[in-house]
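So you can see what is in the structure, the chains are spelled out below.
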Amino acid sequence: MRVQIHKDKQALGKLAAEEGAAAIRVAIAEKGHAAIIVATGASQFEMIDVLVESDVNWSCVTVFHLDEYVGLGIDHPASFRRYLQERFVERVSGLKEFVPVNADAEDLDAEMLALGQRIAQESIDVCFAGIGENCHLAFNDPPADFETKLPYIVVELDEDCRRQQMGEGWFSSLEEVPKRAVSMSIRQIMASSKIILSVPDERKARAVKNALEGQVSNRFPASIVQEHADTVMHLDQASASLLSA
Ligand SMILES: O=P(O)(O)OC[C@H]1O[C@](O)(CO)[C@@H](O)[C@@H]1O
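Scope of this entry: the structure provided in the associated data block. (Residues numbered from 1 in each chain as written. Predicted model: local features only at pLDDT ≥ 70, side-chain atom pairs only at ≥ 80, totals over all residues. Heavy atoms only, no water.)

What follows concerns unusual backbone geometry. Residue proline 142 is joined to proline 143 through a cis peptide bond whose omega torsion reads -5°. Within the element layout of this structure, proline 143 appears in the loop between strand S6 (126-129) and strand S7 (152-156). Positive phi, close to 75°, is recorded for cysteine 135, a residue that is not glycine. Mapped onto the elements, cysteine 135 comes out in the loop between S6 and S7. The phi torsion at aspartate 201 lies on the positive side, around 90°, for a residue other than glycine. (Helix = DSSP H or I, 4+ residues; strand = E, 2+ residues; numbered from the N terminus.)

Next up, the structure:
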């Protein structure tokens with residue numbers, strides 16, 4: 001895996017998006033189609049703003065969704081589907097397909113089965129993601145399940161994770177933050193040909209250090225990317241501030 005440290009989060013977002021767009025163009029040239037994963041959260045703002053402006057032929061691209069709160073409707077400001085609709089899907093022209101995680105479905109088991117069947121038909125070319133302050137990858141909080149072969153799983157969110165979501169301003173109180181989520185599994189994420197992590201801000205510095213400088217451990221879920229052949233972690237000065245020289 002590679003680590004790139006940028007001067008600020010604008011530079012980080014630009015480079016991460018350009019790298020991702022280039023990989024999507026290559027996939028389209030080779031296969032006529034690309035399948036990608038797009039993540040949410042404040043860490044993805046700058047990257048997505050550049051990605052949606054790139055000259056990718058979006059009519060050849062299927063977008064999968066990384067994670068979503070169980071039971072949260074799309075009308076809630078913290079809904080990840082809403083985020084992706086507003087910040088990504090509606091801003092690119094003629095997207096082939098968006099496959100959302102409808103984690104408020106009445107029959108969640110059926111929804112997850114359908115999602116699993118859909119993603120099994122694709123090989124993912126690029127996964128855009130971030131990591132959490134608790135080092136989660138998607139909503140795989142520590143200790144993360146590195147073994148499950150299911151593509152999506154229902155997870156219990158730990159309190160650190162729920163506080164982080166509140167701290168970013170998506171919810172007005174901790175009680176309001178759902179306790180469960182549907183998350184893409186670690187194995188499914190690791191099956192992506194390329195993983196592009198955008199991780200700005202000082203509040204991620206400890207998680208970055210744990211992900212990059214410790215041993216791979218499910219106590220630091222994002223450390224698993226050390227085992228991925230084509231991952232790049234894009235940092236800014238603040239998120240890189242605890243790394244050894
Ligand atoms: O950008 P944030 O909110 O810090 O989150 C980082 C990562 O964690 C998740 O939001 C899950 O909370 C991912 O979708 C995202 O990539």
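All told, the structure shown has 8 aromatic pairs when counted by the stated rule. Each ring, one from tyrosine 69 and one from phenylalanine 80, has its centre 5.0 Å from the other, and the planes form 45°; the classification is tilted. In this pair, tyrosine 69 sits in strand S4 (residues 67-69) while phenylalanine 80 sits in helix H3 (residues 80-87), placing the two residues 11 residues apart along the sequence. We note that tyrosine 69, like phenylalanine 80, is buried. Pairing phenylalanine 80 with phenylalanine 139 gives two aromatic rings, centres 5.6 Å apart and planes at 20°, and the pair type is stacked. Of this pair, phenylalanine 80 sits in helix H3 while phenylalanine 139 sits in the loop between S6 and S7, and the two are 59 residues apart along the sequence. The class for phenylalanine 80 is buried, based on a relative accessible area of 5%. Judged by its relative accessible area of 1%, phenylalanine 139 falls in the buried class. Linked through ring pairs, Tyr69, Phe80, Phe139 and Phe171 together constitute an aromatic cluster. Taking the ring centre of tyrosine 83 as reference, the NZ or CZ of arginine 87 above it sits at 5.1 Å. (Phe/Tyr/Trp six-rings, centres within 6.5 Å; stacked < 30°, edge-to-face > 60°. Buried < 20%, exposed > 50% of the residue type's maximum accessible area, 1.4 Å probe, protein only. Lys NZ or Arg CZ within 6 Å of the ring centre and 35° of its normal.)

Moving on to the site of the ligand. Of all residues adjacent to the ligand, which total 18 residues, the nearest are Ser43, Gly130, His136, Glu168 and Lys204. Between the ligand and threonine 40 there is a distance of 3.5 Å, counted from an oxygen atom to a side-chain nitrogen or oxygen. Residue glutamine 164 places a side-chain N or O atom 3.1 Å away from an oxygen atom belonging to the ligand. For the ligand, whose unbound accessible area comes to 380 Å², protein coverage reaches 100%. For the ligand, the cavity whose grid points lie within 2 Å of the majority of its atoms is the largest cavity. Here the shell around the ligand is built from residues that sort into 7 nonpolar, 7 polar and 4 charged. (Near = heavy atom within 4 Å. Polar contact = N/O pair within 3.5 Å; in protein donor to acceptor, adjacent residues only side chain to side chain. Areas by Shrake-Rupley, 256 points an atom, 1.4 Å probe, with all protein chains shown as cover. 1 Å grid on protein atoms, 1.4 Å probe; cavity = no way out; pocket = protein on both sides within 12 Å on 5 of 7 lines; lining within 4 Å. Sits in = over half its atoms within 2 Å of the grid points. Nonpolar A, V, L, I, M, F, W, Y, C, P; charged D, E, K, R; others polar.)

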